[in-house]
Amino acid sequence: MPDKKWVYAFDEVGEAEEAVGGSWDAARGLLGGKGANLGEMTRLGVPVPPGFTVTTEACNAYVSGDEAFPEGMWDQVTAALAKVEEKTGKTFGDPTNPLLVSCRSGAKFSMPGMMDTVLNIGLNDEVVEGLAALTNDPRFAYDSYRRLIQMFGSVVLGAADEGFEEVLTEAREAAGVTDDAHLSVDALKQIVVRFKEIAVDFPETPIDQLRLATEAVFKSWSGKRAVDYRNAAGIPHDLGTAVNVQTMVFGNMGEDSATGVAMSRDGSTGENSIEGDWLVNAQGEDVVAGIRATKPIAQLADEMPDVYQQFSDICHRLENHYREMQDLEFTVERGKLWLLQTRDGKRTAQAAVRIAVDLVEDGLISKEEAVQRVSPEQIDFFLHPQLDLAARSAAADEGNLIATGLNVSPGAAVGVIAFDADKAVEMAEAGDKVILVRPETKPDDVHGMLAAEGIVTSRGGRTSHAALVARQFGKPAVVGIAALDIDLDARTMEIDGRVVAEGEWLSIDGTLGEVYYGKIDTVVPDISDRWLSSLLDWADGFRRLGVRANADYPVDAERARAYGAQGIGLCRTEHMFFEAERLPIVQRMIMTEDSEVRRQALDELLPYQREDFYGLFKAMDGLPVIIRLIDPPLHEFLPSFEVLTVEIANLKIRLASGDGDATALQAELAEKEQVRDRVEVLHEANPMLGLRGVRLGIIIPELPKMQVRAIFEAACAAQKEGTKVIPEVMIPLSSHVNELRRLKAVLTKEAEAVMAEQGVEVEYMMGTMVETPRAALTAAQLAEEAEFFSFGTNDLTQTTFAISRDDAEAGFLMEYIKQGILPENPFASIDADGVGRLIQLAVKEGRATRPGLEVGICGEHGGDPKSITLCHGYGLDYVSCSPFRVPVARLAAAQAALNDKS
Ligand code: PEP
Ligand code: MG
């Protein structure tokens with residue numbers, strides 16, 4: 001393809017856009033995010049050093065071919081370079097007026113630090129002398145040269161970083177300085193010589209430098225750390241990276257030069273104020289690597305007021321143009337401001353919400369866009385644990401607040417210390433919660449950061465690698481704790497004289513930037529954030545799906561309601577049976593075969609259940625409450641056969657050896673044997689497929705009858721007090737309409753009897769869970785009896801796949817997912833092809849029998865964003881999930897509706 005255009009100058013961004021059909025998104029695909037934005041800034045008149053972009057298509061051709069540039073590409077590069085020479089009036093490789101360029105990666109989606117960059121290309125032994133003479137600054141020239149050799153050496157030639165760092169450290173020690181900026185020209189010349197001994201193949205010819213650097217960037221797309229990052233961030237592997245070649249400008253040309261990175265809004269809180277770090281007389285990587293202590297951006301306003309003003313204007317201009325918060329890189333070369341990069345800024349979940357809402361209030365984006373811009377995972381983050389206030393102050397009083405640093409990623413994390421990424425992964429795999437503690441993080445550490453609960457570093461600023469990655473993955477992090485001294489050999493860290501070893505507990509508060517020694521309790525915060533409520537209110541206006549909560553107790557119901565639930569989709573009544581004072585009564589009820597004894601036990605349980613339901617009705621005044629009748633097999637309420645057998649054996653031994661009062665031991669033994677015999681009778685080989693759900697109600701009708709009595713006595717009482725009650729009684733695990741018909745008749749009679757006794761008419765429905773394939777397949781028949789359906793997708797998944805929900809996740813299922821046999825865990829996200837089709841069929845056929853049939857879902861999938869999208873498509877009326885997931889579900893349901901083009 002000799003005629004194909006592989007290279008676009010920054011001022012040809014319009015052409016690139018046209019070449020891919022005029023869409024900005026496609027242009028970003030072709031030029032990469034960085035290249036497209038450099039082009040766009042050039043088009044907007046923002047000062048950008050001239051340069052050009054080699055397309056992602058060229059990268060794909062290179063990596064998928066045999067690592068050869070596609071035909072015509074290199075000629076286009078040299079032609080574009082000639083144009084840059086023309087624009088800048090400088091010449092590549094000319095010692096009398098040299099053009100230096102950078103060569104940077106830039107994929108469609110930003111992958112901070114994952115791929116390669118080489119700066120100062122164009123210097124060699126001759127050009128460096130020219131540059132020194134031209135700038136009258138040999139220190140600057142040789143510093144730039146040693147940086148080129150160092151970067152070229154490590155990035156292109158694969159020499160280890162440590163070798164270069166050692167030379168620098170020795171030079172600093174020999175000169176008695178702590179900072180590279182104070183090394184003399186002679187020292188730098190020496191360093192250049194020694195660096196060349198490490199980077200032996202360093203090419204003197206500038207065009208060879210550029211060619212090899214371009215190849216290195218292309219290759220870095222397929223490097224391990226880039227591949228790992230893409231896997232973690234869900235970025236496709238076939239996008240390729242572009243290469244941006246750009247005129248170098250220098251922030252290290254003296255006290256009127258500087259370099260920095262900044263966000264147009266605060267990336268941690270979302271506040272509308274520029275946030276960033278910068279350094280006088282430095283080059284870009286000095287800021288990002290976090291090796292030198294940076295200055296906050298506010299100080300730029302004091303030290304270089306004109307530059308700051310110009311920069312702040314550009315921030316606003318770019319934000320308005322992109323209608324999004326920007327992350328910018330800038331350099332000041334002898335008082336002149338240059339923008340080197342802009343991209344959408346990474347942010348914390350809190351900031352994402354606040355920025356989206358503020359941009360609507362600023363008139364820049366619509367409410368629909370705001371709702372689309374925040375991910376359900378980010379909403380989830382609001383409900384992340386925070387350190388318990390009281391426990392935190394107690395820890396502080398005990399002197400356990402050991403450090404404070406920058407609060408770069410909020411939330412609390414508690415875990416044991418790991419001092420390197422591999423160790424963090426190893427410990428996490430062994431089941432530990434881990435805090436990764438590092439001097440600073442690098443792209444090679446990402447796997448450890450992902451495995452850790454939280455991250456602590458002793459160096460680095462708000463925009464350091466550690467901060468960016470932690471925010472992106474929602475890991476709480478505290479960075480830049482200068483007082484923290486980590487000894488990687490001894491596997492300890494020292495802070496203010498206190499030594500803490502690997503494996504000891506730390507608790508970190510990424511919201512405040514605090515690090516505590518020890519393990520502090522965490523609590524889940526409430527979500528009364530004004531920005532979050534606005535966003536969720538808007539989401540409510542767009543969604544069609546209702547959102548209910550699975551809640552068993554009034555306090556859960558209250559929380560669910562505060563989080564925006566529109567009813568209870570599932571109250572699992574059996575949970576209440578396990579409470580200490582109730583369990584003996586439940587056991588008595590199960591143990592007996594005497595109907596009178598059973599009736600008495602049930603009479604004792606009735607007031608407890610009535611009170612539970614009364615509380616639920618009160619909390620959900622005006623909203624529907626689905627109460628599911630008892631579901632699990634009865635043996636679950638009794639001790640296990642194995643435990644009883646051991647206890648009985650022990651009692652017999654004690655009796656035989658005269659250990660204890662014989663009469664008491666005899667009595668205890670008799671009781672245990674009785675329970676064991678009953679457990680044996682109730683034992684089933686497959687209890688999940690046994691006497692449970694509707695079947696239990698048919699065999700022991702007194703039990704669900706008691707529950708229905710409790711429901712209606714509570715409903716009548718609440719309604720008499722003026723509460724609007726909307727009970728929906730749900731029968732679990734139906735497979736055949738006859739089961740439902742039989743039990744429903746018994747229960748309806750009981751409900752009517754209670755209402756007659758109470759002299760109150762309560763509007764109610766009786767429905768069923770659809771959680772077996774047969775129920776779904778015969779939905780048309782079930783709907784003759786059921787006034788509503790609720791999909792129990794936990795059981796429906798179990799029974800459709802014939803995979804045990806209790807065992808599989810600890811066993812082969814994860815192996816299936818690892819091997820790609822199943823695309824994902826069907827207990828987490830609805831299996832659209834199997835379970836999903838059963839749901840679709842049941843909805844359609846159920847509604848054919850009973851138009852307007854209410855259908856919802858109450859399995860765990862009800863809180864999973866992907867499944868919520870499916871449920872929207874299936875035409876369900878609502879999803880029901882845990883109270884904590886309700887805000888997530890509200891947003892996901894809105895996004896499903898907004899994405900629904902049908
Ligand atoms: C289900 O099966 O999806 C369900 C909600 O019921 P449980 O989890 O209680 O069996
Ligand atoms: Mg179930």
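It should be noted that the structure appears before, not after, this text.
Residues numbered from 1 in each chain as written. Chains lettered and ligands numbered in written order. Predicted model: local features only at pLDDT ≥ 70, side-chain atom pairs only at ≥ 80, totals over all residues. Heavy atoms only, no water.

1. Digging into empty space enclosed by the protein
For clarity, the cut-off: With a 1 Å grid laid over protein atoms only, a set of points is called a cavity when a 1.4 Å probe fits there but cannot get out and a pocket when it is open yet has protein on both sides within 12 Å along at least five of seven lines; lining residues have an atom within 4 Å of a point. Grid points are joined across faces, edges and corners, and a volume is the space filled by probe spheres set on the points.
This structure, assessed with the given rule, holds one cavity of 30 Å³ or more. Considered as a void within the structure, the largest cavity measures approximately 30 Å³ in volume. Along its surface, the largest cavity is lined by Leu629, Ile630, Gly693, Val694, Gly697, Pro704, Ile731, Pro732 and Leu743.

2. A look at the sheet that holds strand E12 (residues 336-344)
Strand pairs in the sheet, formed through backbone hydrogen bonds, run parallel or antiparallel to each other. As a reminder, the rule being used: Strands are labelled as partners when DSSP assigns at least two bridges between them. Here a helix means four or more residues in a row that DSSP labels H or I, a strand means two or more in a row labelled E, and each is numbered from the N terminus.
Spatially, five strands are ordered E10-E9-E8-E11-E12 in an open sheet, and the strand pairing comes out antiparallel. Single-partner strands in this sheet number two, and they are strand E10 (295-296) and E12. Note that strand E8 (residues 258-263) and strand E11 (residues 326-333) share six bridges and pair antiparallel. From the neighbouring strand, alanine 262 faces E11, where its bridge partner is leucine 328.

3. Describing the pairing of strand E31 (residues 788-791)
The line we're drawing: Only protein chains enter the accessibility calculation, which uses a 1.4 Å probe; a residue whose area is less than 20% of its type maximum is buried, one above 50% is exposed, and one in between is partly exposed.
Covered by surrounding structure in E31 are Phe788 and Ser790 together with Phe789 and Phe791, the residues of both alternating faces. Both strand E30 (residues 765-770) and E31 contribute to a ladder of three bridges, which runs parallel. Residue pairing for E31: methionine 769 is matched across the bridge by serine 790. Strand direction decides the pairing type here: E31 and strand E32 (residues 854-857), joined by four bridges, are parallel. Residue pairing across strands places phenylalanine 791 opposite isoleucine 857, the latter belonging to E32.

4. Some remarks on the site of ligand 1
Condition: When we say a residue is near a molecule or strand, we mean one of its heavy atoms is within 4 Å of it. Identification of polar contacts relies on pairs of N or O atoms within 3.5 Å, with a donor-acceptor requirement for protein atoms, meaning one able to donate a hydrogen and the other able to accept it, and with residues adjacent in sequence counted only if both atoms are side-chain atoms.
Residues in close proximity to ligand 1 total 13 residues, the closest being Arg572, Gly792, Asn794, Asp795 and Arg805. Contact between ligand 1 and asparagine 794: an oxygen atom at 2.7 Å from a main-chain N or O atom of the residue. For ligand 1, an oxygen atom lies 2.7 Å from a polar atom in the side chain of arginine 805. Top element by residues in the shell around ligand 1 is helix H33 (residues 793-801). It accounts for three residues.

5. Brief notes about the side chain of glutamine 341
Our working definition: Should any heavy atoms of two residues lie within 4.5 Å, those residues are counted as being in contact.
Examined against the element boundaries, glutamine 341 turns out to sit in strand E12. Of note is the side chain of glutamine 341, whose polar atom sits 3.0 Å from the side chain of glutamate 329. Those residues in contact with glutamine 341 that sit more than four places away from it in its chain are Lys34, Leu38, Met41, Asp327, Leu328 and Glu329.

6. Description of the coordination of the magnesium ion (ligand 2)
Our working definition: Coordination shells were defined by N, O and S atoms within 2.8 Å of each metal, extended to 3.2 Å for Na, K and Ca; water is absent from the atom set, which can make sites look incomplete.
On the protein side, the magnesium ion (ligand 2) has Glu771 (OE) and Asp795 (OD) as donor atoms, found 2.0 to 2.2 Å from it. With glutamate 771 in the loop between E30 and helix H31 (773-777) and aspartate 795 in helix H33, the pair connects residues that are 24 residues apart, well separated along the chain.

7. Focus on the state of the cysteines
Formally: The disulfide definition used here is simple: a pair of cysteine sulfur atoms within 2.5 Å.
The tally for this structure, following the rule as stated, stands at zero disulfides. Cysteine 59 takes part in no disulfide bond, and the closest cysteine sulfur, belonging to cysteine 103, lies 12 Å away. With no disulfide of its own, cysteine 871 lies 11 Å from the sulfur of cysteine 881, the closest cysteine sulfur. Cysteine 871 gets classed as buried once you look at its relative accessible area, which sits at 0%.

Function cannot be read off these values alone, since they describe shape.
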